[in-house]
Amino acid sequence: QRLAATPAHIANTLAMVASWRLAPLAEHYPQLDLPVHLLVAEGDRAVTPSEAARALRQFRRGTLLPLPHAGHLAHEEIPEAVAAHIVRIAHDAGVLPC
């Protein structure tokens, strides 16, 4: 709430997002041969669950992992749940030891 009430933060965030050029990156999604896991907050109004699902269909191998009771900043709202997903994914990929 404090960040959202800070005009400088909002201005800098909008400037950052306005400079993103994602279309060239997205053109390569279908060629990626690796698993893509999207943590999707069910209450996210900036990137809605339906938008996330549509984006995931562009990848060969993808998993949508819903995060109930969270919004766009799920990593701040429910950090333990987000971290648990990341640890499980890393473990399943063999990145973390048993």
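One structure accompanies this document, and this report is about it. (Residues numbered from 1 in each chain as written. Predicted model: local features only at pLDDT ≥ 70, side-chain atom pairs only at ≥ 80, totals over all residues. Heavy atoms only, no water.)

## Section: the overall build of the protein chain
Keep this limit in mind: Put simply, DSSP H or I for four residues or longer makes a helix, DSSP E for two residues or longer makes a strand, and each gets a number counted from the N terminus. For each residue, the accessible area found with a 1.4 Å probe, counting protein chains only, is set against the maximum for its type, and the residue is called buried under 20%, exposed over 50%, and partly exposed in between. Only the protein chains shown count as cover for residues, and all accessible areas are computed by the Shrake-Rupley method using a 1.4 Å probe. Charge counting treats Lys and Arg as positive and Asp and Glu as negative, with His and both chain ends excluded. The location of each charge is read from NZ of Lys, CZ of Arg, CG of Asp or CD of Glu.
For the protein chain, the count of helices and strands is five helices and two strands. For the protein chain, the succession of helices and strands along the chain, N to C, is α-α-β-α-β-α-α. For the C-alpha atoms alone, the extent of the protein chain along its principal axes is close to 45 × 35 × 25 Å. Among the 98 residues that make up the protein chain, the fraction classed as buried is 17%. With the model as given, the accessible surface of the protein chain reaches about 7,400 Å², and the carbon-plus-sulfur share is 63%. Of note, the protein chain has its 8 positive side-chain charges centred 5 Å away from the centre of its 9 negative side-chain charges.

## Topic: the pairing of strand β2 (residues 61-67)
Let me state the cut-off plainly: For two strands to be treated as a pair, DSSP must find no fewer than two bridges joining them. Viewed with both strands pointing away, a crossover whose connecting path from the first strand over the helix to the second turns clockwise is right-handed.
Here strand β1 (residues 35-41) runs beside β2; their pairing, made up of seven bridges, is parallel. Paired with P35 across the strands is R61, a residue of β2. Following the backbone out of β1, through helix α3 (residues 49-56) and into the adjacent parallel β2, one traces a crossover that is right-handed.

## Some remarks on the layout of surface pockets
Rules: The rule is simple: put a 1 Å grid over the protein atoms alone, call a set of points where a 1.4 Å probe fits but cannot get out a cavity, call an open set with protein on both sides within 12 Å along at least five of seven lines a pocket, and count a residue as lining if it has an atom within 4 Å of a point. Grid points are joined across faces, edges and corners, and a volume is the space filled by probe spheres set on the points.
Put simply, the largest pocket is a space of about 1,200 Å³. Along the walls of the largest pocket sit 35 residues, with W20, D44, A46, V47 and H72 positioned nearest its centre. Breaking the lining of the largest pocket down by element, the ones donating at least two residues are α1 (7-19), β1, α3 and α4 (74-77). Ranked by the residues each element gives to the lining of the largest pocket, the list is headed by α1, at six residues.

## Section: the environment of L73
Examined against the element boundaries, L73 turns out to sit in the loop between β2 and α4. Note: C-alpha distance between L73 and D44 (29 residues apart in sequence) is 8.0 Å.

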